[in-house]
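Here is what each chain is made of, one letter per residue.
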Amino acid sequence: MKIKKMTKPSLWMFLASTAYYFVAFLVFAFIADCAIRIWYESGFVFTKKNVTDLLVISGIVGLAAGSRTWLFAWLDERKARKSPPPSDPKP
């Protein structure tokens, strides 16, 4: 089995992970907000402020999670560069 080599952290990786987390949290927050509104208010009406709040919160979460993903990938790549290559154990 061939192991795929990890790619270096790049701007594309940062933007893709940020967009992914933004969309994922936006969907999750929208579903949660709808469920809470239906449970407590017996229906839901979204105003422009509700949508803006969901977009801002999703943006913050997406940026934080995307930054974290990129930072840890960068640290792993740096650690792998500094460590010596693994030696082949003899049976």
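Preceding this paragraph is the structure being described.
Residues numbered from 1 in each chain as written. Predicted model: local features only at pLDDT ≥ 70, side-chain atom pairs only at ≥ 80, totals over all residues. Heavy atoms only, no water.

A short note on helix α1 (residues 11-41)
Now for step 1: Here α1 contains 31 residues, and its C-alpha end-to-end distance of 43 Å stays within 8% of the 45 Å for a straight helix at 1.5 Å per residue.
Now for step 2: For α1, every residue scored as buried is listed here: S17, T18, A29, D33, C34 and R37.
Now for step 3: Looking at the buried side of α1, the elements it contacts are α2 (48-82).
Now for step 4: Note on α1: the residue one or two positions beyond its end, S42, has a positive phi of about 60°. (Helix = DSSP H or I, 4+ residues; strand = E, 2+ residues; numbered from the N terminus. Expected span 1.5 Å × (residues − 1). Buried < 20%, exposed > 50% of the residue type's maximum accessible area, 1.4 Å probe, protein only. Contact = heavy atoms within 4.5 Å.)

Comments concerning the side chain of N50
Now for step 1: Turning to its location among the elements, N50 is positioned in helix α2.
Now for step 2: One polar contact links N50 to T47, side chain to side chain, over a distance of 2.7 Å.
Now for step 3: Look past the residues within four positions of N50 in its chain and what remains in contact with it is R37 and V45. (Polar contact = N/O pair within 3.5 Å; in protein donor to acceptor, adjacent residues only side chain to side chain.)

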